Structure formats: C-alpha cells, structure tokens
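# Commentary on secondary and tertiary structure
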Amino acid sequence: MAGEARNLKVRIDHVSKVYETRNGPTEALRDVSLDICENEFICVVGPSGCGKSTLLNIIAGLQMPTSGKAYCNDHEITGTGTERGVVFQQYALFPWLTVKKNVMFALNMRGVKGAAAETEALEYLKKVDLEKFANHYPKELSGGMKQRVAIARAYAANPEVLLMDEPFGALDAQTRTQLQSELLETWEKDMKTCFFITHDVDEAILLAQKVIIMSARPGRIKEIVDIDIPYPRNQETKLLPRFMELRNHIWEQVYKEYLEVRK
Amino acid sequence: MEMTKQTAAAKRVRLPRPGRIVINAVLILCSLIWIYPIVWTIISSFKPQADFFKEQLTLFPATWTLDNYSRVWSKANFAVYFFNSVIVTVFSVLLVLIMTNMAGYVLGRYKFVGRSALMAIFLSSICIPLVSTLIPVYQIVKGMGLLGTRLGLILSGAGGAHVVFLLLFSSYYSTVPNELEEAAKIDGCGFLRTFVKVMMPLSSPISTTVIIMESLWTWNAFQLPLILTLNNPTARTLAVGLYAFKGENTVDWTGICAGGAIAMVPIIVVFIAFQKFFINGMAGAVKG
C-alpha cells in the first residue's frame, strides 16, 4: 500500500488526558500524536491501563482531551458524530429490542425509516450471517452472535471510521478466530478506516496495516510497526515467517511495558 | 439463566414430609384468617339488606342479591366516586412516574454540584410524618383555588417527593452500563432522545413497580382526599365516599360491603395482574 496518495482521516495532535481521581490526578495519555489515513486499518496494543480505550473514546468524542486536539476530516472533534462508529467490547445492544430492531435503531437515527430500514437492516444482518436471528432478542444469542449484531449495527450507521474497543476480547478462541476472518474479509472489500484496540498481538498483526504499541501509564506511543504482509490475509497468515518475526518483536515490546506496569 | 434456576432450586431447603405438612397447615390457617374479613365483606355485599343481622355469622347467605350494588352505584353516588378514583389514580400515577423517572435518572447517572445534598434532603423527608404536611398542602391547594376538585386531588397526591420511587429509579439507573448510553450517543442521540429511547424502556421493570405502588397508594388514599373534598362531595374518591356512606342514624351495612367491594376489587385485580413484574422490579432494584 506504500506510495499511494492517501487522505488524512483522523489526526491526533499532542493529546494528553488526565483524570481527576480521589487519589489525585492520573495521567492516562501523554502527548500522543497520530495520523490515521483513509482506508487504513490500525491496531493498538499495550498493557491494560495504558490509555488505549481513552484514546478511542477521544476519537469517538465520548471524552475530551485535557490538552491537545483531535480532528476528523479536518474538523475538531468536540462530541460524537455519525461519521465515527464504535463497536464496544460488551456489545452494547439494547436488550428490549430484537436483533433487527437493534440494527434499525442505528438506521432510524440516520433518517432511514419504516420498510426501507427493515430491508436494509436485514441486509446488514445477512453480512454477518444472522438474518435467521432477526427476530430474536439479544439475550437469546451467544457472545459471538451478539458481537456480530453490534458490528452489523455499527455498519448500519454507515460511519467513515470504525472504532473498535477490544470487540473480540470477551469471546472464546474459536469464535474470535471466526470473527477475525469475517472482519478481514469485510475490510478487504469495503476498506473502511478502522481503529482497533486489542491486547492480542496475533490479532493485531493479522488484521492491521500498522500496529501501534503503547507504553504503560501514562500512555504514550512507543512504536509504530508497519505490517508488511500483503492482503488478502487469513488464519494461515499466522504461519508465515514474517508474521513470527513481527510477533516476536511486538510481543517483546509489549512485555517490557507489562513488566513496567508490574513494578 | 437455566444455571441460576437450577442452583436456586438446589439451594432451597427441603424439609422432611411431616415438617412440611405442619408448616403448610399453619401457613394456610394464617392466610385464611388474614383473608377472611375480605371474603366476608365481598360475600356480605350479596346479602339482602334485611337479612344482614339475621345471618351475620354465616358466611354464605340464603339468598343472593345484587340490590346492594345497584343501590350504592346509583343512589349513593358510587358511580361518580368510581370515576373520580380512576381519574385521580391514572393522572397521579402518570405524573409521579414521569417525575421520579426523570429525577432518578439525573440523580443516578450524573454528578453535579449539590447532588449529595439534594439526596440527603430527599432522604430526610422520609422522616417527616405525612400528617404534619396536611395543613400546608391544604393551604396550598386552597391558594390555588383547587379545593374540592379532582385536579386538586391529583396534584396533592402526586406532589410529594416520592423518595422511595426516586431511590428505586436512581439506584437502577446507576447500574446501567455506560456502553448503552454511549452506543446511543454514537448513533446520534442527544440527551433527551437517549433518555426517552434508551433509558425509559430499560427502566420498565422499575416503572411497573412504581405504577403498582402508586396506584395502590392513590386509590386507597383517604386522609388528604377527605379534607380536600369536605365541601364538595362530587369530587370524592371511593375511599372517602365509603366513609361518608355511614349515615348518622342508620347504617347500611350491606351497602358498605358492596361499596367496599367496588373499592377493593379493581386494585386487587391490578395487583394480581402486575404481580410478576412487580417482584421482578423490586428484585432488580436491590440486586442491581
């Protein structure tokens, strides 16, 4: 992908975030700068508590930086916006709505109503292989299915940037592998800009064009690793020697930070 | 879900058979004693007026009649009282529901200056005996020119702080995961839309609890409706009307029984119909 002219989608400009807690201020992010280009798939790894989610929330507009600014399409981010969609780790489905209505909720907010919304919702559910479960309630689904609904919902909102906060973190290994493959397929088709948080190094390398390694608190960008493995990728990509190399390198860096946390 | 059901069943203590029979017998006896006056009232309402004292100790009358009901309904104004009770209850419940739901949402989910002070004031108002507010409330309603009106009854009934409902809502809302709210925001919902489209449907178990409790409370309210309708019998509710039904010289006992049944049965039906949700709501609020 190198050498292509690319549009800047999200720009994070010297962002810091300090939380006021009962035990004094906690520095979650310190001077983070990052450019995310259109169609780019970026994964963020780092030890827990390194401010990965804070960074995602700032891009989503759910939290404001203490200093510095974040931009999307050259506009400063001051709140949530429909050009940025989020998939949460805990699915965040509305329990009183059926699967179809959950997806339709996002469509309604976009201005698609009635029968049109229903047809479109079913299309998105088809993409994640859940059209048969359209009339089920979230509680009747497994974790993997719930996360699929959440992804369908995020897609239905038709954002330009998809922000995913450890979306597969709560799933078992098989389901996780399956959803990774599905996500890869989808991304290779529509090339939506993705910002994906994970604590799983393999997952990061498999999916991303760039892996961002964050340091222990206060969160800083420690290293940006270009993943020079060509797409299309699949689970077998994990067996490539280059994958192993990258994995060893990233894992080592993350582990160092992990030790830092334990101190 | 099934797992929890099974463990709950396994945990339930199984008494040996004779022990269970004794306990059940005691419990059934207690229930009978407790329910007997109600059953007696309802059955007596079908006794002919003249036979009341003749048969007062027998549970089942020799002849059944609906005279008491027709007499009470048309001559003693119970049709009007019934209508008043329904109107006052429905609107009080609506007002209380909207009020406590909205206040509970903000108290449960938002941090703002003076929040704990506000909470403390609400909580301490539990300690104020209701009787001590009778005169101020009367004065206010009088000042508004609403004495002896249904609107006056509705406002005075709904106007309290309803601290228990407030706490139910706020403790429930404080346990709702942030993601749901954030997901709504991401989809483009503002504050009001998040509340109406996400939070209100989520809190429906609590709402059901509040509807039942407030219905019971308003339907059976006596003291305040009595003093507010002293000068206008046509605005009275069933509970007040029933009391006023007792004449000075003669007492129409079977009529009172019929009036009592009219006052009692609807609210019992409401309670039984909503009982399942009610218990769900209470359990949900405590467990979180």
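Residues numbered from 1 in each chain as written. Chains lettered and ligands numbered in written order. Predicted model: local features only at pLDDT ≥ 70, side-chain atom pairs only at ≥ 80, totals over all residues.

### Observations regarding the overall build of chain A
Put simply, the test is: Helix and strand labels come from DSSP, where a helix needs a run of H or I of at least four residues and a strand needs a run of E of at least two; each type is numbered from the N terminus. Computation of the radius of gyration draws on C-alpha atoms, with the globule rule given as 2.2 Å multiplied by the number of residues to the power 0.38. With C-beta atoms placed from the backbone, the exposure class of a residue follows from how many other C-beta atoms lie within 10 Å of its own: 20 or more, buried; 12 or fewer, exposed; in between, partly exposed. Think of it this way: build a C-beta for each residue from its backbone, and any pair within 7 Å is a contact.
Scanning chain A from N- to C-terminus turns up seven helices and ten strands. Its C-alpha atoms give chain A a radius of gyration of 18 Å, near enough to 18 Å, the size a compact globule of 263 residues would have. Overall, chain A is about 55 × 45 × 40 Å in size when its C-alpha atoms are taken along their principal axes. For chain A, the proportion of its 263 residues judged to be buried stands at 43%. In chain A, once contacts between residues fewer than 6 apart in sequence are set aside, the share between residues at least 24 apart is 69%.

### Quick notes on the packing of helix 4 (residues 78-109) of chain B against helix 7 (residues 150-158) of chain B
Residues and elements named next belong to chain B. We apply this condition: Only the contacting stretch of a helix is used when fitting its axis, a line to C-alpha atoms as for every element, and angles between N-to-C directions run 0 to 180 degrees. In this scheme, roughly parallel covers angles under 35 degrees and roughly antiparallel covers those over 145, while 65 to 115 is roughly perpendicular and the rest are oblique. Less than a right angle of anticlockwise turn of the near helix away from the far helix marks a crossing as left-handed, whereas a clockwise turn marks it as right-handed. Under this grouping Gly is polar, as are all residues other than the nonpolar Ala, Val, Leu, Ile, Met, Phe, Trp, Tyr, Cys and Pro and the charged Asp, Glu, Lys and Arg.
Following both chains from N to C, one finds helix 4 and helix 7 inclined at 40 degrees, their axes separated by 9 Å at the closest point. Here helix 7 runs oblique to helix 4, going by the angle between their axes. Remark: the crossing between helix 4 and helix 7 carries right-handed chirality. Between helix 4 and helix 7, the residues in contact are N84, I87, V88, F91, S92, L95 and V96 and R150, L153, I154, G157 and A158, respectively. For the contact of helix 4 with helix 7, a count of residues per class yields eight nonpolar, three polar and one charged.

### Brief notes about the domain arrangement of chain B
All names here are of chain B. Our working definition: As annotated, the domain borders come from an automatic or database domain assignment.
On domain assignment, one finds that chain B holds domain 1 (13-68) and domain 2 (77-287). One C-alpha centre belongs to domain 1, the other to domain 2; they are set 31 Å apart. Facing eight residues of domain 1, the contacting portion of domain 2 comprises eight residues. No other element matches the three residues that helix 2 (residues 17-44) contributes to the side of domain 1 that touches domain 2. Grouping the amino acids of the side of domain 1 that touches domain 2 by side-chain chemistry returns two nonpolar, five polar and one charged.

### Some details on the sheet that holds strand 2 (residues 24-37) of chain A
Hydrogen bonds between backbone atoms are what pair the strands of a sheet, whose relative direction is either parallel or antiparallel. What counts here: By definition, two strands form a pair when at least two bridges between them are found by DSSP.
The strand order across the open sheet built from four strands is 2-1-4-5 (chain A), with neighbouring strands paired in antiparallel fashion. The open sheet has two edge strands with one neighbour each: strand 2 and strand 5 (75-76) of chain A.

### Some thoughts on helix 8 (residues 163-175) of chain B
Spelled out, the test is: Take the number of residues in a helix, subtract one, and multiply by 1.5 Å to get its expected span.
Between its first and last C-alpha, helix 8 of chain B extends 18 Å over 13 residues, near the 18 Å set by a 1.5 Å rise per residue. For helix 8 of chain B, the set of buried residues is F165, L166, L168, F169, S170, Y172 and Y173 of chain B.

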